[in-house]
Protein chains: 2
Amino acid sequence: MSAIAEPNRLNIIELLHDGPCTVGEIAEQLRLRQPQVSKHLRVLCEARLVEVHPMANRRIYKLHVQGLKEIDSWIDSFRHLWEDRLDQLEDYLKELQRKEKGE
Amino acid sequence: MSAIAEPNRLNIIELLHDGPCTVGEIAEQLRLRQPQVSKHLRVLCEARLVEVHPMANRRIYKLHVQGLKEIDSWIDSFRHLWEDRLDQLEDYLKELQRKEKGE
DNA sequence: AAGGAATATTCTTATAAAGGAATATTTAAA
DNA sequence: TTTAAATATTCCTTTATAAGAATATTCCTT
């Protein structure tokens, strides 16, 4: 999850959404230096959000749907939990208000 | 957003869900030291996720619904954006597959 | 007014993540 | 086989964040 928290990595993912890219292309588009791009790609790879396809001299990176879907469902469940708690909290506050009026 | 990324702070929010607490109570429940609790509460306060009500010697902390709702809707919109992109990506991949078969 | 809780703040230290520069590695091309 | 391009890796420095310890502040109690 922290993999996509980093702004540059999120940018990389957004860029890859338009299609596969080489490291150099990513570096150029995002105005980053090649070593940093490689580092970020490594993190994204280990998080299974991206996959590599070596093509001769170059390495083509593209999005890895499976991993992205897992992130998505994680966010979804996190949000549901969160929402339930908010609802409960609102009920609780309303209850307090009701009691105050009653006195 | 980074306010709730920190585990201890998330714990504090979860604890406060059961009702308002003083700093000492939070420290005791979560087995934390008082200064750290105060620091975390400060961050949560500045993020408007929590509010203080000084009661004599003590300070009662409770959840701040408005701020929590903002976080919730942020997560929601983030996820929607994310999901749309995943859908587009799937379409894209299916298109690729179709082309491959066609050849 | 003095002492003692409860809480906040300050200062220092520890740690993790990110960028920069240089270097290593792999592979194509000559 | 040597050279150059593309990429990865290593080492160092910087920065942000959290914890620890000590101290300051606030307010009640006596």
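Residues numbered from 1 in each chain as written. Chains lettered and ligands numbered in written order. Predicted model: local features only at pLDDT ≥ 70, side-chain atom pairs only at ≥ 80, totals over all residues. Heavy atoms only, no water.

J.: Explain the packing of aromatic side chains to me, please; I cannot follow it from the model alone.
T.: Given two aromatic rings, their pairing is described by the distance between the two centres and the angle made by the two planes. All names here are of chain A. A full pass over the atoms with the stated rule returns 4 aromatic pairs over all chains. Judged by centre distance (5.9 Å) and plane angle (15°), the ring pair of Phe78 and Trp82 falls under stacked. One end of the pair is Phe78 and the other is Trp82, both in helix α4 (residues 65-102) and 4 residues apart, which spans about a single turn. On the basis of relative accessibility, which here comes to 7%, the residue Trp82 falls in the buried class. (Phe/Tyr/Trp six-rings, centres within 6.5 Å; stacked < 30°, edge-to-face > 60°. Helix = DSSP H or I, 4+ residues; strand = E, 2+ residues; numbered from the N terminus. Buried < 20%, exposed > 50% of the residue type's maximum accessible area, 1.4 Å probe, protein only.)

J.: Explain the relation of the copies chain A and chain B here, please?
T.: Relating the two copies of this chain is a rotation about some axis coupled with a shift parallel to it. The two copies are related by a screw operation: chain A maps onto chain B through 180° of rotation and 0.1 Å of translation along the axis, at an RMSD of 0.2 Å. Such a combination of turn and shift is consistent with a two-fold rotation axis. Interface overlap between copies is the fraction of interface residues in one copy that are interface residues in the other; for chain A against chain B it reaches 100%, indicating a shared surface. (Least-squares fit on C-alpha atoms with pLDDT ≥ 70 in both. Contact = heavy atoms within 4.5 Å.)

J.: Hey, could you run me through the interface of chain A and chain B in this one?
T.: Interface extent is often summarised as the accessible area lost during association of the parts. At the junction of the two partners, chain A supplies 26 residues and chain B supplies 26 residues. Together chain A and chain B conceal approximately 2600 Å² of surface at their shared face, both sides included; 70% is due to carbon and sulfur atoms. Counting the surface chain A buries against chain B, the share from its top three residues, His17, Arg79 and Trp82 of chain A, is 24%. Inspection of the region where chain A meets chain B yields 8 salt bridges. (Buried area = accessible area lost by both parts, 1.4 Å probe. Salt bridge = Lys/Arg side-chain N within 4 Å of Asp/Glu carboxyl O.)

J.: Where do I start with the environment of Arg58 of chain A in this structure?
T.: Residue and element names in this part refer to chain A. By secondary structure assignment, the location of Arg58 is in strand β3 (residues 58-63). For Arg58, a relative accessible area of 57% puts it in the exposed group. Each C-alpha atom of the pair Arg58 and Val23 lies 7.8 Å from the other, and the pair is 35 residues apart in sequence. Excluding residues that lie within four positions of it along the chain, Arg58 makes contacts with Thr22 and His53.

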